[in-house]
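Listed here are the chains, written in short residue letters.
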Amino acid sequence: MAEHLTIQGETKEEKYQTLLPQAQALVQYEDDQIAALANLAAALHASFDWLWTGFYLVKGQQLVLGPFQGPIACTRIPHGKGVCGSAWAQNRTLIVPDVDAFPGHIACSSSARSEIVVPVRNAAGAVVAVLDVDSTRLDQFDTTDAQYLETICQALQHLF
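The text that follows walks through the structure, step by step, so that each part is easy to find.

1. Brief notes about the pattern of salt bridges
Alright, step 1. As enumerated under the stated definition, the model contains four salt bridges in all.
Alright, step 2. Between D49 and R137 there is a salt bridge, with its nearest N and O atoms 3.4 Å apart. Linking D49 in the loop between α2 (33-47) and β1 (52-59) with R137 in the loop between β6 (127-135) and α4 (143-154), this pair joins segments that are 88 residues apart in sequence.
Alright, step 3. Judged by its relative accessible area of 59%, D49 falls in the exposed class.
Alright, step 4. Taking the shortest distance from any N to any O, the salt bridge between D100 and R113 comes out at 2.3 Å. Pair noted here: D100 is in the loop between β4 (94-96) and β5 (114-121) and R113 is in the loop between β4 and β5, with a separation of 13 residues, a long-range link.
Alright, step 5. The class for D100 is exposed, based on a relative accessible area of 57%.
Alright, step 6. Several salt bridges converge on common partners, so that one network encompasses K12, D142 and D145.

Below you can see the structure in the form of structure tokens.
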């Protein structure tokens, strides 16, 4: 894979359409989990105007900070706590238009206003990590983000 991203388009969907094959190519033949997650976090973060983009890995009954782009983050999140822990516990993508309105939100950055968390699953369907994205804008994320980020996360299955 080239060390250069080409993101084109005016709309969010057009940008995802150009990013998707490049993101999949970044991880398709990589067998090192950290390398693949780090490059993917960087590619996603560079493509959109997001505050924080990264992964938390399931370790026992908590999520542990993995590769990310953005400001310093929470290191550990318990199962079922905050948006990340809730997405893990519920095994589904969570879109939070206003993090201040989410019961039990864990504020790793006071600049975060909205969030999307997408489970990463292994071949058996168990959640092994989550992709967490924060924005400084309210209501930043929608079903378009969910659709494309879920597709991108599916490309990580071979790493777990």
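This is not the end of the story, as more comes after the structure.
2. Things to note about unusual backbone geometry
Alright, step 1. Despite not being glycine, N91 shows a phi value in the positive range, around 50 degrees.
Alright, step 2. By the element assignment, N91 lies in the loop between α3 (82-90) and β4.
Alright, step 3. Residues other than glycine seldom take positive phi values, yet D139 does so here, at roughly 55 degrees.
Alright, step 4. As for its position among the elements, D139 is in the loop between β6 and α4.

3. Quick notes on the side chain of Q140
Alright, step 1. Positionally, Q140 belongs in the loop between β6 and α4.
Alright, step 2. Residue classification places Q140 among the buried residues on the basis of a relative accessible area of 16%.
Alright, step 3. A distance of 3.1 Å separates the side chain of Q140 from the side chain of R137, its partner in a polar contact.
Alright, step 4. The residues touching Q140, leaving out its near neighbours within four places in the chain, are K12, W50, S114, S135 and D145.

4. Describing the environment of I95
Alright, step 1. Position of I95 relative to the elements: it lies in strand β4.
Alright, step 2. Judged by relative accessible area, I95 falls into the partly exposed class, the value being 33%.
Alright, step 3. Sequence separation of I95 and I116 is 21 residues, and the distance between their C-alpha atoms is 4.5 Å.
Alright, step 4. Residue contacts for I95: discarding those within four places in its chain leaves E115, I116, F141, D142, T143 and A146.

5. Section: the packing of aromatic side chains
Alright, step 1. Evaluated as defined, the whole model comprises six aromatic pairs.
Alright, step 2. Ring geometry for F48 and W50: centres 4.6 Å apart, planes at 15 degrees, overall stacked.
Alright, step 3. Judged by its relative accessible area of 6%, W50 is buried.
Alright, step 4. In this structure an aromatic cluster arises from ring pairing among Y16, F48, W50, F141 and Y148.

6. Topic: helix α1 (residues 12-28)
Alright, step 1. Under the 1.5 Å per step criterion, the end-to-end length of α1 is 23 Å for 17 residues, consistent within 8% with the ideal 24 Å.
Alright, step 2. Of all the bends in α1, the greatest reaches close to 35 degrees and is centred on L19; the proline P21 follows between one and four positions later.
Alright, step 3. All of the buried residues in α1 are Y16, L19, L20, Q22, A23, L26 and V27.
Alright, step 4. Against the buried residues of α1 lie α2 and α4.

The rules behind each value
Residues numbered from 1 in each chain as written. Predicted model: local features only at pLDDT ≥ 70, side-chain atom pairs only at ≥ 80, totals over all residues. Heavy atoms only, no water. Salt bridge = Lys/Arg side-chain N within 4 Å of Asp/Glu carboxyl O. Helix = DSSP H or I, 4+ residues; strand = E, 2+ residues; numbered from the N terminus. Buried < 20%, exposed > 50% of the residue type's maximum accessible area, 1.4 Å probe, protein only. Polar contact = N/O pair within 3.5 Å; in protein donor to acceptor, adjacent residues only side chain to side chain. Contact = heavy atoms within 4.5 Å. Phe/Tyr/Trp six-rings, centres within 6.5 Å; stacked < 30°, edge-to-face > 60°. Expected span 1.5 Å × (residues − 1). Bend = angle between axes of the 7 residues up to and from the residue.

Functional significance is not addressed by these values, which are geometric in nature.
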